[in-house]
Amino acid sequence: MEHISYKMQTEIVNFQGREIPLENLTPILSPKQEAMKRRELEQRLYEVFRKYASHRQTEEPAS
């Protein structure tokens, strides 16, 4: 298993009158890893939009 380092950002937010620390962890990736993750994300989004577009075409009434 590959070890991944993370960059942590902390922000204090007010919620219902209380201060709550909000932590955001972002993985630190090499340019090659970033490109692979971006390509994977693009492929998944493409599949979702393709499914949505084909579903919409079957629902539209014929003119």
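Draft legend 1. Molecular detail of the overall build of the chain. Within the chain, the regular secondary structure consists of 1 helix and 2 strands. Going from N to C terminus, the chain has its helices and strands arranged as β-β-α. Considering the chain as a whole, with its 63 residues, one finds that 0% of them fall into the buried category. In the chain, the proportion of contacts linking residues at least 24 apart, taken out of those at least 6 apart, comes to 9%. When the accessible area of the chain is evaluated, it comes to approximately 6600 Å², of which 55% is carbon and sulfur surface.

Draft legend 2. Focus on the environment of Tyr6. Among the secondary structure elements, Tyr6 is positioned in strand β1 (residues 5-15). Note on Tyr6: relative accessible area 48%, which makes it partly exposed. With 20 residues separating them along the chain, Tyr6 and Thr26 place their C-alpha atoms 5.3 Å apart.

Draft legend 3. Layout of the pairing of β1. Of the pairings in the sheet, the one linking β1 to strand β2 (residues 18-28) comprises 11 bridges and is antiparallel in character. Bridge pairing in β2 links Ser5 to Ile28.

Draft legend 4. Representation of the pattern of salt bridges. Applying the stated rule across the entire model yields 3 salt bridges. In this structure, Arg44 and Glu40 form a salt bridge, with 2.9 Å as the shortest nitrogen-oxygen distance. Note that Arg44 and Glu40 are positioned in helix α1 (residues 31-59) at a spacing of 4 residues, about one turn of the helix. On the basis of relative accessibility, which here comes to 55%, the residue Arg44 falls in the exposed class. Overall, Glu40 belongs to the partly exposed group, its relative accessible area being 36%. Here Arg50 ties to Glu47 by a salt bridge, and the two come within 3.5 Å at their closest N and O atoms. Here the residue Arg50 and the residue Glu47 both occupy positions in helix α1, the gap between them amounting to 3 residues, near one helical turn. For Arg50, a relative accessible area of 48% corresponds to the partly exposed category.

Scoring rules and cut-offs
- Residues numbered from 1 in each chain as written.
- Predicted model: local features only at pLDDT ≥ 70, side-chain atom pairs only at ≥ 80, totals over all residues.
- Heavy atoms only, no water.
- Helix = DSSP H or I, 4+ residues; strand = E, 2+ residues; numbered from the N terminus.
- Buried < 20%, exposed > 50% of the residue type's maximum accessible area, 1.4 Å probe, protein only.
- Contact = heavy atoms within 4.5 Å.
- Areas by Shrake-Rupley, 256 points an atom, 1.4 Å probe, with all protein chains shown as cover.
- Pairing = 2+ DSSP bridges.
- Salt bridge = Lys/Arg side-chain N within 4 Å of Asp/Glu carboxyl O.

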